[in-house]
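Analysis of the macromolecular model
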Amino acid sequence: MTDALDPADMREQYRTKELTAADLAPDPIQQFAAWFKETAANPAIHEPNAMIVSTATPDGRPSSRTVLLKHYDEAGFVFFTNYGSRKGTELAANPYVSLLFPWHPLARQVIVTGRAARTPRAETAAYFRTRPHGSQLGAWASEQSSVISSREELLARYDELATRYPDSEQVPVPPAWGGFRVIPETVEFWQGHENRLHDRLRYVRGDGGEGWSVERLAP
């Protein structure tokens, strides 16, 4: 592999403003909202709501994938998926989850850890109605994470559904599709700096789920 690109030679110095505890909002959701707004306004960042969702089996075998955040508030961070997918089945058996927002152009990351719980069916249905018609059909056509023989098989399912539910027809919510709300236990705000002396400030939920404390982590 003499022509292979060597990642060890790839280096970049991050030149950003220091992040201190005094700069942070009183709670992590407010701080996330501020950073998310800045991120969304940056044209260099494609899909600022994209996050890496990491789950694990009960015996600790991890898996990760990129998913789109669809809602957040004081109750947590919400995404939608097929409950029969790998992440869905893993969360059913082991609800602990990590979310990573990789905002590289800003030299920032946000890392959330916590427990995931299914959203109420009414909340799932309300969001499903906002999806484009084609995406609604796609939720039915794809048995996510299952093995299929070919892409043609997937497209054939979609075409069948498109015939059954034309644009004028309401698509029902798939019974195996819905939301997860990640209830945060820790939220880390990472800001890159020169010489790898990054700022890492982590909110930790207090005992009994009340209040937040902030701690600084070594980079």
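Quick note: structure is the one above.
For the structure given in this document, a descriptive report is provided here. Model, not experiment: these values are computed from the prediction.

The subject of this paragraph is the pattern of salt bridges. Summed over all chains, the structure comprises 10 salt bridges. Here arginine 108 ties to glutamate 38 by a salt bridge, and the two come within 3.0 Å at their closest N and O atoms. Taken as a pair, arginine 108 in strand β6 (residues 108–118) and glutamate 38 in helix α1 (residues 28–40) lie far apart in primary sequence, 70 residues in all. With a shortest N-O distance of 3.2 Å, arginine 164 and glutamate 160 are connected by a salt bridge. Of this pair, arginine 164 and glutamate 160 both sit in helix α5 (residues 151–164), four residues apart, roughly one helical turn. The exposure class assigned to arginine 164 is partly exposed, which follows from its relative accessible area of 45%. A relative accessible area of 48% places glutamate 160 in the partly exposed class.

Turning our eyes to something else, we now look at the pairing of strand β5 (residues 96–103). Here β5 shows one buried face, formed by Val97, Leu99, Phe101 and Trp103, and one open face, formed by Tyr96, Ser98, Leu100 and Pro102. Here strand β1 (residues 50–56) runs beside β5; their pairing, made up of three bridges, is antiparallel. Bridge pairing in β5 links serine 54 to serine 98. Bridge count between β5 and β6: eight bridges; the pairing is antiparallel. Bridged to tryptophan 103 within β6 is arginine 108.

This part is about helix α3 (residues 121–128). Of the residues making up α3, those classed as buried are Thr124, Tyr127 and Phe128. Seen from one end, α3 has its buried residues packed into an arc of 100°, which puts them on one side. On its buried face, α3 sits against β4 (76–82), α4 (133–141) and β7 (177–191).

This part is about unusual backbone geometry. Non-glycine residue alanine 107 carries a positive phi angle of around 55°. Within the fold, alanine 107 resides in the loop between β5 and β6. The class for alanine 107 is buried, based on a relative accessible area of 7%. With a phi close to 60°, asparagine 195 is a non-glycine residue in the positive phi region. With respect to the secondary-structure elements, asparagine 195 resides in the loop between β7 and β8 (199–205).

Reading the values: the criteria
- In every chain, residue numbers begin from 1 and rise along the written sequence.
- Only residues with pLDDT of at least 70 get local features here, since the model is predicted, and only at 80 or more are side-chain atom pairs given and counted; chain-wide, interface and lining totals rely on the full set of residues.
- Excluding hydrogens and water, the side-chain figures rest on all heavy atoms present in the structure.
- Put simply, a salt bridge is a Lys or Arg side-chain nitrogen that is within 4 Å of an Asp or Glu carboxyl oxygen.
- The numbering of helices and of strands both runs from the N terminus, where a helix is a DSSP run of H or I of at least 4 residues and a strand a run of E of at least 2.
- Burial classes: relative accessible area under 20% of the type maximum marks a residue as buried, over 50% as exposed, and values in between as partly exposed (1.4 Å probe, protein chains only).
- Should DSSP find at least two bridges between two strands, the strands are taken to pair.
- Note that the arc is defined by the directions from the helix axis to the C-beta atoms.
- The criterion used for residue contact is that any of the two residues' heavy atoms lie within 4.5 Å.

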